[in-house]
Amino acid sequence: MKKSGLFGECARLLLFAKPYWKYVALAIFSMVIYTSANGIQISLIKPIVDKLLLGNTNTIVALPKIDIDQDAPSHKKPSLVKQFKKQVFHKFSFIEKLQRLATNSFTSIGVTMAIFAPIIFLSCYFQQYFRNLVMWAVVVDIRNKVCDHLLPQPLSFFENRKSGDLLSRLTNDIAVTQSGLTVLFDDILLQPLKLICGLTLAFYFSWKLSLLILIAFPAIFIPVLVMGKKIKKHGKSSLRHLSDLTDALREMFAGIRIVKAFKMEAEESREIHEISNRFFMKRMKLAKAKAINTSTSEFVYTLGLAILIILGGYVIMSKKITPGELGGFITAIGFMVITTIKKLAKGYASLQESLAGVNRVFELFAIEPAIKDHPEAVALKNIHEGISFDDVSFSYDNGKDYILKDINLTISKGEIVAIVGKSGAGKSTLINLIPRFYDPVKGSVKIDKIDIRKIKHESLLAQIAIVSQQTFLFNRSLRENILYGRKGASDEEIYSAAKSANIHDYIIDLPKGYDTVVGELGLKLSGGQRQRIAIARAILKNAPILLLDEATSSLDYESEKLVQDALNNLITGKTTIIVAHRLSTILHCDRIIVMKNGCIVEAGSHKSLMSEEGEYKRVYQLHSDTLQA
């Protein structure tokens with residue numbers, strides 16, 4: 001059954017600490033020792049105060065009484081001076097014994113407190129160390145689990161969400177979650193131990209006064225519980241606005257060239273200001289709720305302390321309690337009970353705010369991948385026959401507007417097939433079905449007559465290399481970007497792939513060669529250079545199925561010829577599907593598939609298609625006229 005409410009959410013969060021239960025146990029054990037040692041030290045206040053005050057009233061020295069026996073013989077009578085000295089010495093000898101006894105008592109108390117000093121030091125250190133160990137380990141595990149859960153999601157998941165929102169959940173929301181864990185492992189675990197210890201001491205010193213304190217507890221906790229709900233509500237709302245701000249900033253910096261090209265700095269700045277102001281307003285509502293919560297606890301604390309002093313004076317005057325008991329009671333209540341309640345109230349508010357972030361993180365865990373392995377999925381080790389599309393239809397909006405309509409196409413192993421057509425015809429969508437970036441709404445895509453939905457996704461992708469129209473490079477070295485094609489490849493294999501992609505000579509002329517960092521999104525390279533790095537990455541993978549989605553679109557004509565020669569060598573023996581914008585690059589393909597409005601309207605070789613008065617001939621002639629112009 002799904003847990004709900006504060007305790008359910010906390011329990012769900014604490015489940016992440018289960019692998020570290022030994023450290024949690026050590027932390028709790030250290031907390032118990034630390035709290036108990038502090039409690040024992042406070043309990044020593046009573047004998048200290050009582051000895052000080054009672055000692056001052058019981059050690060008054062009376063004048064010695066001189067007893068002179070008048071009837072005794074004069075030669076046997078002690079002198080007045082001797083008798084006086086004897087009695088004074090006897091009296092002060094008794095006082096000295098009392099003082100020594102008192103001194104010994106204080107020494108014993110001091111030694112006892114000194115013995116507890118290293119215990120308090122060690123227990124304080126270990127409870128903090130183990131708490132932080134578990135807390136940060138849980139934060140790392142949550143972030144890693146979110147990434148592990150998000151990455152298998154299909155492309156449609158990322159296309160339908162703002163990347164800034166996902167980034168905010170992985171950074172801002174997890175940072176808030178970390179604050180919640182701090183509260184859980186500090187205030188929620190440690191403070192109740194202190195509260196129990198403080199109340200135990202309070203009852204030990206005066207059970208009647210302790211009962212009066214317990215009656216006042218609802219006045220503290222009721223406002224805290226009420227404001228806690230508002231804090232959680234405003235906290236979640238502010239995180240949503242912070243997510244919008246993160247997304248706007250990410251988009252602005254990603255498109256900074258366009259911003260500057262169209263002189264839109266002022267407009268972008270204005271939008272950021274508006275989003276920031278909305279975030280500010282939500283944040284101030286949260287601050288108001290937290291301020292009321294904190295102010296209430298401070299008010300109750302001050303009022304309670306005043307009442308405590310008044311009651312203490314009354315019981316002292318009525319001699320119903322000793323000074324030591326009152327001192328110990330006030331210390332226990334003031335430094336352990338009331339201080340702990342204040343921290344619990346503040347911690348509760350922080351916890352409610354943090355749970356808003358926790359909920360946003362857990363929302364991601366609730367999303368199941370739309371594309372996942374079938375229970376009976378098999379591994380694809382080799383390609384024996386080829387690829388087939390059987391009555392495939394596809395829509396991005398669940399059948400409302402079909403991008404592909406009743407596609408039937410068979411591509412044999414080793415065949416080189418080009419797909420052409422106007423923009424929006426469905427070319428890229430068609431080849432995106434092969435690696436299961438999307439699943440068809442109707443029909444099936446098969447490899448070796450096996451529905452790819454029954455092939456393990458990891459093994460399917462291992463058989464496919466892709467060079468897309470939208471080239472992406474990581475802000476890493478050129479070597480690392482090429483190695484993305486196949487981890488563990490040797491330097492010789494990297495160089496060979498780069499040479500085939502016509503990029504090796506350019507790389508070795510750079511000051512740092514293959515260790516040159518390309519910059520964010522590869523902005524330090526030209527479009528053609530980025531495309532050739534992507535081609536080198538695909539060449540290095542050396543997969544049996546090759547998907548080229550306008551792979552040469554960003555190359556100049558000289559580079560295009562060199563890369564095309566390399567691709568001709570690369571595709572030998574591979575099942576290759578080419579989505580082409582430049583028709584001159586597909587003239588020697590085994591077959592050309594012509595698409596229009598999501599349907600296949602023609603198929604054949606370049607020669608056969610040019611002999612017909614169809615769509616291909618019309619598009620090719622239009623393309624040729626454009627080049628000649």
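Residues numbered from 1 in each chain as written. Predicted model: local features only at pLDDT ≥ 70, side-chain atom pairs only at ≥ 80, totals over all residues. Heavy atoms only, no water.

The protein has the name ABC transporter permease in an unreviewed UniProt entry, where Candidatus Brocadia sapporoensis is given as its organism. According to its UniProt record, the protein has this under Subcellular location (unreviewed entry): "Cell membrane". (UniProt positions renumbered as here; feature names shortened; annotations may be inferred.)

Participant: Could you give me a rundown of the side chain of S444, with the residues and numbers involved?
Facilitator: Looking at where S444 falls in the secondary structure, it is placed in strand β4 (residues 442-447). With relative accessibility at 10%, the residue S444 sits in the buried group. If sequence neighbours within four positions are ignored, S444 has contacts with S388, F389, D390, V392, D451 and R453. (Helix = DSSP H or I, 4+ residues; strand = E, 2+ residues; numbered from the N terminus. Buried < 20%, exposed > 50% of the residue type's maximum accessible area, 1.4 Å probe, protein only. Contact = heavy atoms within 4.5 Å.)

Participant: Quick one: what's the story with the pattern of salt bridges, residue by residue and with numbers?
Facilitator: In this structure the tally under the stated criterion is eleven salt bridges. A salt bridge links K596 to E615; the nearest nitrogen and oxygen atoms lie 3.8 Å apart. Here E615 lies in helix α20 (residues 615-628) and K596 lies in strand β9 (residues 591-596), a separation of 19 residues in the sequence. For E615, a relative accessible area of 13% corresponds to the buried category. In this structure, E615 and R618 form a salt bridge, with 2.9 Å as the shortest nitrogen-oxygen distance. Taken as a pair, E615 and R618 lie in helix α20 at a separation of three residues, close to a single helical turn. A cluster of three or more residues bridged by salt bridges with shared partners is formed by R479, D491 and D515. (Salt bridge = Lys/Arg side-chain N within 4 Å of Asp/Glu carboxyl O.)

Participant: An account of the packing of aromatic side chains is requested, with residue identities and associated values reported.
Facilitator: All told, the structure shown has eleven aromatic pairs when counted by the stated rule. Seen in terms of ring centroids, F394 and Y396 are 4.8 Å apart; in terms of plane orientation they differ by 85°. Their pairing is edge-to-face. With relative accessibility at 4%, the residue F394 sits in the buried group. Judged by centre distance (5.4 Å) and plane angle (50°), the ring pair of F394 and Y438 falls under tilted. Taken together, the positions of F394 in strand β1 (residues 386-395) and Y438 in the loop between α12 (427-432) and β4 put the pair 44 residues apart, joining distant regions of the chain. Both residues of the pair, F394 and Y438, belong to the buried class. Ring pairs connect the aromatic residues Y23, Y125, F126, Y129 and F130, which therefore count as one cluster. (Phe/Tyr/Trp six-rings, centres within 6.5 Å; stacked < 30°, edge-to-face > 60°.)

Participant: So what's going on with the sheet that holds strand β7 (residues 545-549)? Which residues, and what values?
Facilitator: Read from one edge of the open sheet, six strands run β6-β7-β8-β3-β9-β10, paired in mixed fashion. Because the sheet does not close on itself, it has two edges, and the strands there are β6 (464-467) and β10 (599-604). Across the sheet, the mean angle separating the axes of adjacent strands is 15° when strand polarity is ignored. Two strands pair when backbone bridges link them, and strand β3 (residues 416-421) and β9 are joined in this way by five bridges, in the parallel orientation. Bridging across to β9, G421 finds its partner in M595. Its contacts with the sheet place helix α17 (residues 527-541) against β6 and β7, and it is angled at close to 170° to β6. (Pairing = 2+ DSSP bridges. Axes fitted to C-alpha atoms, helices over the stretch in contact; angles between N-to-C directions.)

Participant: Can you explain the nonpolar core? Please cite residues and give values.
Facilitator: I482, I533, I586 and I592 are the most contacted members of the largest nonpolar core, which has 44 residues in total. Ranked by the residues each element gives to this core, the list is headed by α17, at seven residues. When near neighbours in sequence (up to four residues on either side) are disregarded, I592 contacts A418, V420, I586, E602, A603, G604, S605, H606, L609 and Y616. I383, F389, V445 and I545 belong to the second largest nonpolar core, which has 30 residues in total. (Core = buried A, V, L, I, M, F, W, Y, C linked by side-chain atoms within 4.5 Å.)

Participant: Could you give an account of the environment of Y616, naming the residues involved and the relevant values?
Facilitator: Along the chain, Y616 falls in helix α20. Judged by relative accessible area, which is 0%, Y616 ranks as buried. Through-space distance from the C-alpha of Y616 to that of I593 is 9.0 Å; in sequence the pair is 23 residues apart. Excluding its chain neighbours within four sequence positions, the residues that come into contact with Y616 are V420, L587, I592, V594, E602, H606, L609 and M610.

Participant: Break down the pairing of β10 for me, with residues and values.
Facilitator: Where β9 lies against β10, five bridges are found, and the strand directions are antiparallel. Paired with I593 across the bridge in β10 is A603. The turn linking β9 back onto β10 is made up of two residues, and N597 within it adopts a positive phi angle of 55°.

Participant: Summarise the environment of A465; cite the residues concerned and give the values.
Facilitator: Structurally, A465 is set in strand β6. The spacing of A465 and K541 is 76 residues in sequence and 6.5 Å in space, taken between C-alpha atoms. Ignoring anything within four residues of it in the chain, the contact list for A465 reads A538, K541, A543, I545, L546 and L547.

Participant: Account for the pairing of β4, with residues named and values stated.
Facilitator: Where β1 lies against β4, five bridges are found, and the strand directions are antiparallel. Pairing of S388 across the sheet is with K446, part of β4. Two strands pair when backbone bridges link them, and β4 and strand β5 (residues 450-451) are joined in this way by two bridges, in the antiparallel orientation. When the sheet's bridge partners are listed, I447 is paired in β5 with I450. From the end of β4 to the start of β5, which pair antiparallel, there are two residues, and D448 there has a positive phi angle of about 55°.

Participant: Quick one: what's the story with helix α15 (residues 491-500), residue by residue and with numbers?
Facilitator: Within α15, the full set of buried residues consists of I494, A497 and A498. End-on view of α15: buried residues confined to an arc of 100°, all on one side of the axis. Exposed positions of α15 whose direction lies more than 90 degrees from the buried face are E492 and K499. Each element contacted by the buried residues of α15 is listed here: α14 (478-483), α16 (504-508) and α17. A positive phi of about 60° marks N502, the residue just after α15. (Arc of directions from axis to C-beta.)

Participant: Requested: an account of α17, with residues and values cited.
Facilitator: For α17, built from 15 residues, the straight-helix expectation of 21 Å at 1.5 Å per residue is met to within 8% by its first-to-last C-alpha distance of 22 Å. Within α17, twelve of the 15 residues are buried, leaving the element largely enclosed by the surrounding structure. The positive-phi residue at the C-terminal boundary of α17 is N542, with phi of around 55°. (Expected span 1.5 Å × (residues − 1).)

Participant: An account of the sheet that holds strand β2 (residues 402-412) is requested, with residue identities and associated values reported.
Facilitator: Pairing within the open sheet is antiparallel, and its four strands lie in the order β2-β1-β4-β5. Edge positions in the sheet fall to β2 and β5, since each has one partner strand and no second.

Participant: For the environment of T471, give the residues involved together with the corresponding values.
Facilitator: Residue placement: T471 occurs in the loop between β6 and α14. Among the residues examined, T471 registers a relative accessible area of 22% and is labelled partly exposed. Taking the C-alpha atoms as reference points, T471 and R530, 59 residues apart in sequence, are found 6.6 Å from one another. Apart from the residues within four sequence positions on either side, T471 is in contact with R530, Q531 and A534.

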